[in-house]
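Secondary and tertiary structure notes
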Amino acid sequence: MTHAQFVHQLDTLCAEGNKTFTAKDKEIQSALNANDAARAGAIINSEVSTMNGFLSQIEKLTPPGADQPAFARYVLLTRRIIGLEQRVASALEANNIDEANRLGNLLTAAQGPRTNAAVDLGTTHCGT
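Summarised in this report is the structure supplied together with it. All figures in this text were calculated on a predicted structure; none of them were measured in a lab.

Moving on, we come to the state of the cysteines. For the structure shown, the criterion picks out one disulfide. Bridging C14 to C126, the disulfide has an S-S length of 1.9 Å. Handedness of the C14-C126 disulfide follows from its S-S torsion of about 100°: it is right-handed. Note that C14 is positioned in helix α1 (residues 3-33) and C126 in the segment after α4 (97-121), a separation of 112 residues in sequence. Judged by its relative accessible area of 0%, C14 is buried.

Attention now moves to the nonpolar core. Counting residues in hydrophobic clusters, the biggest one holds 37 residues, and the most contacted among them are L10, I58, F71 and Y74. Contributing elements (two or more residues each) for this core: α1, α2 (37-59), α3 (68-93) and α4. When residues in this core are grouped by element, the largest group, 11 residues, is from α3. What L10 contacts, discounting residues up to four positions off in sequence, is I58, L61, F71, L121, T123 and C126.

Our next topic: unusual backbone geometry. One non-glycine residue, N35, lies in the positive phi region at around 55°. Position of N35 among the secondary structure elements: in the loop between α1 and α2. In this structure N35 comes out as exposed when scored by relative accessible area, which is 72%. In this structure, N95 takes a positive phi of about 60° despite not being glycine. Along the polypeptide, N95 turns up in the loop between α3 and α4. A relative accessible area of 54% means that N95 is categorised as exposed.

What follows concerns the environment of L107. Tracing the backbone shows L107 in helix α4. If sequence neighbours within four positions are ignored, L107 has contacts with I81, L84 and E85.

This part takes up α1. With 31 residues, α1 ought to run about 45 Å at 1.5 Å a step, and its terminal C-alpha atoms sit 43 Å apart, in line with that. Where α1 is buried, its residues touch α2, α3 and α4. Phi turns positive, to about 55°, at N35, one or two residues after α1.

Here we come to the packing of aromatic side chains. This model, assessed by the stated rule, comprises two aromatic pairs. With 5.3 Å between their ring centres and 85° between their planes, F6 and F71 make a pair best called edge-to-face. Of the two residues, F6 sits in helix α1 while F71 sits in helix α3, which places them 65 residues apart along the sequence. Across the pair, F71 and F6 agree in class, each one buried. Seen from their ring centres, F21 and F54 are 6.0 Å apart, and the 85° between their planes marks the pair as edge-to-face.

Rules of the game
- Residues numbered from 1 in each chain as written.
- Predicted model: local features only at pLDDT ≥ 70, side-chain atom pairs only at ≥ 80, totals over all residues.
- Heavy atoms only, no water.
- Disulfide = S-S within 2.5 Å.
- Helix = DSSP H or I, 4+ residues; strand = E, 2+ residues; numbered from the N terminus.
- Buried < 20%, exposed > 50% of the residue type's maximum accessible area, 1.4 Å probe, protein only.
- Core = buried A, V, L, I, M, F, W, Y, C linked by side-chain atoms within 4.5 Å.
- Contact = heavy atoms within 4.5 Å.
- Expected span 1.5 Å × (residues − 1).
- Phe/Tyr/Trp six-rings, centres within 6.5 Å; stacked < 30°, edge-to-face > 60°.

Right, dumping it as structure tokens:
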């Protein structure tokens, strides 16, 4: 597989995932605006399930040799983000807003390096 073919496949998966996550993020924000932390946590848990499926599809891709380090970083950081999302959901479901905020800050911090890995790969739709 060439670099261009790999990036196209990865970008296609990311674009599909982004559509789903944008809708879920609106639902989460709506629940948070209504001060319904438990509902927000449940929606995040649903999003985590979707993210795991998305990651499973991504992990089936075989990057060309030169792309392997950036791809490995991208996958590792995506796993970290998913793990933090799960923890945020649990904190919200327990109505532990301080913990949810603390974890949310860690989540935000993890997104930058993942975006950098996506840029290193040459993707357009990944890492957002």
